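Structure assessment
Here's the letter readout for the chains.
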Amino acid sequence: MNIIQKIGILLFLVAFLIFTLMPGLNKFTLTEDTLKISNEHHRTEVLKLAKEKGIIGKEQGSNIAFIKDLKSVLLTAQNNLNEQFSSSPPAGVGEWDFKMADWQIKNYVRDSITESGSGWVTKNPMQGFLLTFGLGILGGLLFIIPKFAQPAGIKNDGIYHSSLTKGLQFGPKMFMLLSTIIGVLIYGYKYNNGNLFWPLLTGIIALIIVGLVFLYEKEKLFNPPRSASVVLTGWLGMLFGIYLVGFYILLYWAPHLITNWMTIVSPVSEFLSGNKASQWFLYGLMYTIIVLVMGIRMISKYRHNKYQMVRTASVMFFQTAIAFTLPEILVRLNYPYYDFKNIWPLNYSFFFDYNINNLLASGNLGIFMLVWGIVLMLIGVPVITYFYGKRWYCSWVCGCGGLAETLGDPYRQLSDKSLRAWKFERWIIHGVLVAAVVMTVMVLFHYFTGSASILGISSDSLRGWYGFLIGSAFAGVVGTGFYPLMGNRTWCRFGCPLAAYLGLVQRFKSRFRITTNGGQCISCGNCSTYCEMGIDVRAYAQKGQDIVRSSCVGCGVCSAVCPRGVLRLENASGDINTRADEMRTIHISEDQVGIL
Amino acid sequence: MHTVIIGNGISGISSARWLRKLSDNKITVISSESKYFYSRTALMYIYMGHMREVDTQPYEPWFWEKNRIDLLQEHITKIDFNKKTLQTKNGKEIQYDQLVLALGSKPNKFGWPGQDLNGVGGLYHIQDLENMEKYSPNLKKAVITGGGLIGLEMAEMFHSRNIPVTMLVREPSYWNNALPNEESAMISRHITHHGIDLRLNTNLGEIVDDGNGTACGVIVKETGEKIDCGYVGLTAGVSPNIGWLKDGPIETNRGILVDENLQTNIQDVYAIGDCAEMRNPLPGRRPIEAIWYTGRMMGETVAYNITGKKVSYDPGIWFNSAKFLDIEYQVYGEMPPQPAEHHQNLYWEHDDGEKSIRIVYDKNSEVVLGFNLMGIRFRHEVCDKWIKDKTKIDQVLQDLSLANFDPEFYEQYEGMLLKKYNDQTGKNLTLQKKRKLDQVLKFLKVRS
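Let us look at the structure shown here. (Residues numbered from 1 in each chain as written. Chains lettered and ligands numbered in written order. Predicted model: local features only at pLDDT ≥ 70, side-chain atom pairs only at ≥ 80, totals over all residues.)

**Details of the interface of chain B and chain A**
Taken together, the contact between chain B and chain A spans 52 residues of the former and 52 residues of the latter. Of all the elements in the fold, those that place two or more residues in the side of chain B that touches chain A are α3 (61–66), α7 (292–306), β21 (319–324), β22 (327–333), α8 (380–388) and α11 (437–445) of chain B. By residue number, the principal contributor to the side of chain B that touches chain A is α7(B), which donates six residues. (Contact = placed C-beta atoms within 7 Å. Helix = DSSP H or I, 4+ residues; strand = E, 2+ residues; numbered from the N terminus.)

**Overview of the sheet that holds strand β5 (residues 85–88) of chain B**
Residues and elements named next belong to chain B. The three strands are arranged β4-β5-β6 in an open sheet whose pairing can be described as antiparallel. What marks the edges here is a single partner per strand, and that holds for β4 (76–80) and β6 (93–95). Each adjacent strand pair in this sheet contributes to an overall mean axis angle of 25 degrees, direction not counted. Pairing geometry for β4 and β5, over four bridges, is antiparallel. Residue pairing for β5: Ile79 is matched across the bridge by Leu86. (Pairing = 2+ DSSP bridges. Axes fitted to C-alpha atoms, helices over the stretch in contact; angles between N-to-C directions.)

**Quick look at the sheet that holds strand β13 (residues 204–209) of chain B**
Residue and element names in this part refer to chain B. Strand order in this open sheet of three strands is β13-β14-β15, and the pairing throughout is antiparallel. Whereas interior strands pair on both sides, the edge strands pair on one side only; in this sheet they are β13 and β15 (226–228). For this sheet, the mean angle separating the axes of adjacent strands, direction not counted, is 25 degrees. Sheet topology note: the β13/strand β14 (residues 215–220) ladder contains five bridges and is antiparallel. Paired with Ile207 across the two strands is Val218, which belongs to β14.

**Observations regarding the environment of Met377(A)**
Residues and elements named next belong to chain A. Within the secondary structure layout, Met377 lies in helix α15 (residues 363–388). Through-space distance from the C-alpha of Met377 to that of Asp416 is 30 Å; in sequence the pair is 39 residues apart. Ignoring anything within four residues of it in the chain, the contact list for Met377 reads Ile343 and Trp344.

**Structural notes on the pairing of strand β1 (residues 2–6) of chain B**
Residue and element names in this part refer to chain B. Across the five residues that make up β1, a large majority, four, are buried. Sheet topology places β1 next to strand β2 (residues 26–30); five bridges connect them, and they run parallel. From the neighbouring strand, Val4 faces β2, where its bridge partner is Thr28. Pairing analysis gives four bridges linking β1 to strand β7 (residues 98–101), with the strands arranged parallel. Bridged to Ile6 within β7 is Leu101. (Buried ≥ 20, exposed ≤ 12 C-beta atoms within 10 Å, placed from the backbone.)

**Considering unusual backbone geometry**
Pro345(A) follows Trp344(A) through a cis peptide bond whose omega is 5 degrees. Secondary-structure assignment places Pro345(A) in the loop between α13 (306–332) and α14 (353–360). The backbone phi angle of Asp268(B) is positive, close to 70 degrees, even though this residue is not glycine. In this fold, Asp268(B) is placed in the loop between β18 (256–258) and β19 (269–271). Asp268(B) sits in the partly exposed class, given 15 other C-beta atoms within 10 Å.

Set out below in structure tokens:
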């Protein structure tokens, strides 16, 4: 590491620290203008109480203090309104136009705090942006750019020596995973307003999957998994994982605590769409910046490999142009927000009533978007996957894939290569696909027939739970938060229903396969180690067998890290099923030595 | 029937796997080095932090149980060939019906003064790796003697930890007793470009003792110069690890002598891999070939012979591969470092000096004999078939794209090689085939 790189790391860490502290940095003042309550009954009551308690015009030093005050006023108001309603119901006002619901309290807090910033951050959002994002980008680039001066070639030196990338022992890893799952279910119980049905059903399904793997597939409980090592514990990776998990929890379920982050990216949002930044804009912008900066790192690392460079440039383009910028511009032009490359069932809300109605109400472009989404799903996916394998999407176009291939590249070796992991993978990912289909069918049934439930299960509550469990907890909290713990494709491998769909096409009807080069394999294990999908590539390569696996995203890294030139990603006609059976390593038999 | 295999390297494990496929014998694999089979060729990646030790194990632990292959971590000290028993270091006796010796190699030591000091070692066993690890913290400099594959691997290992390395190479150019001149020069340049101090035409004189039995430097034989260092790597080749069998009834020369069925002079005792020496090597082949692929093929052959199907060992057309720092290397067929009388060489090198293609063909018959690739990947099956079918150079060059195995989007250089050939011969050949897998499969399916 040279001096420029050291400065880069230092700058990045400073930016990272400022960013982390940012939510606690601003000051907040509630005024009549910034109290965002549109319901007149609510507003009058809250304003009265707020004035009595003297919090109007009072500057608070932190968001937590601000929220505490506001919340206590709101709760008192809620009580008062409830009492008023029961003692002397106002004439001509519906019950819930008068009373204040719990979810309204949440919204009032979020909307008001967003407007009430009065400290340095609110006054200097640009400076805030430069000190965090700007400085972070600069530091990152200073660290990455000098790498272009080193000789090109595979650069995996020290990955298993670094506390950030060497992964966890089996025990701590399982502890992290289980505590996250249990945490999600408990939070889900609260999120669902104390309804036990969905968390319980999820728990039962999880137990069924465990049962299927250990009883039906006869996996041994105490089989030592090869993925685990006895001596390695990456503490930095663990901390980074916890940080990421925390970030996603705030993003999804406590956005009112991170309004300062939204404030500093608001100038960018206003420039693009004309609107103030929501937490989703914040997330999209961060995501894009990370894909771009870490994409440059990916290119520096694989600049001897044109496949990797083209592929990385592709995910950088799709994230920046199609996923991030284009939807913002559409919004500016008063068209629906639409990500043209997001396909059902990854885009699980595509068939939700509000989305369909929104698209149908948006003229020709809206209709086009609706048709485009359906055509892509029904024709685009199978046809393109037939020709090129699922890689065309997963490692060239997809946003989740884009993040995994850039930010996640240093963690690709942490995927579990054991047969046991593969067994879990198949049940879980196809289970999610089934869940996505069932959920969508119910939502559409509701949409077309107007009947809100089937067999006593309401489609609204199912879709709410799917969004919470799969859309937020699995794809976000576990999917990205677990990069440093279980590898960079945890979501893509175990959870993504679109990956499952693409995978089925790839496995049964595709020209794509990875071929092996005769008898050249030395079983070294680089391919398996660096397979982010946890495929034991070596098991095939050392037999001279082609690799046809539904999970393979075609990132091409196995081929890149192979020291003997054994693996090649190829498309060819011919039945992949029989191709995969042929073993083409050199074989000795009674009468001949032969290849093929 | 109880088949015991001593040694769990690629040869021993291949024989165990094939025995299981072909028979119902009880199979025991004994090794004192490690319980589980690991890929010896991947040792360097553990040190460099690319992989953990478990990642170098090609099979998960359940594999052995499922295939009823017993693994025993024991050191065998004595074999009684008459009673068909083995004795372990702990005094245990093991009966066998057939015995496979897959004992591997040990690093060569040529009697250098100081060669047995602490901080001196080869690179063959896990224990060698542990030794390197032990001396690596705060290591200021390492010196490696030997200009072959393992020498460069060791240099790359230290280099990956920013430990300065000096390589003492006896020859005038890196590995030029195996690589043709241009390729040897290319790798020599590449080594220097990476910042490794490559000293050619240089021999190790002696290793200097720091007074406490640990190496503290080496003295160069030619100049008497002393190079201070904290570790000395001995990588001047390997030889069969058979010292403890030398005085027994088993016939040995440099290795354990075996016939074409890999059987030793003793009934039911076989030897394979690095430790086996062919009594009658096949034409063009050396009696001992200490490489991964021959070990694997011997393991398969011996399994046939043990199960009663007599098969002669025939490794087919020579092939090998390696990676020199960032340059991959593949070879198929005949590729002597100095061309034979009847050989004609066609050589093309990229302007960047890190890629090349060489094709050797017969001057008179124009039949292609061998391929040598640097920084470019060729398909094993295609090259093998061309050589086997005695394909003429013109045909091979026109179809050369069939052999291209580089990843997608890579630039293809077959045209440049062809142009060079056209310029040299005044011919006007053009490329006829694309590298598409469909065409390759079609080509491979036509039996000669």
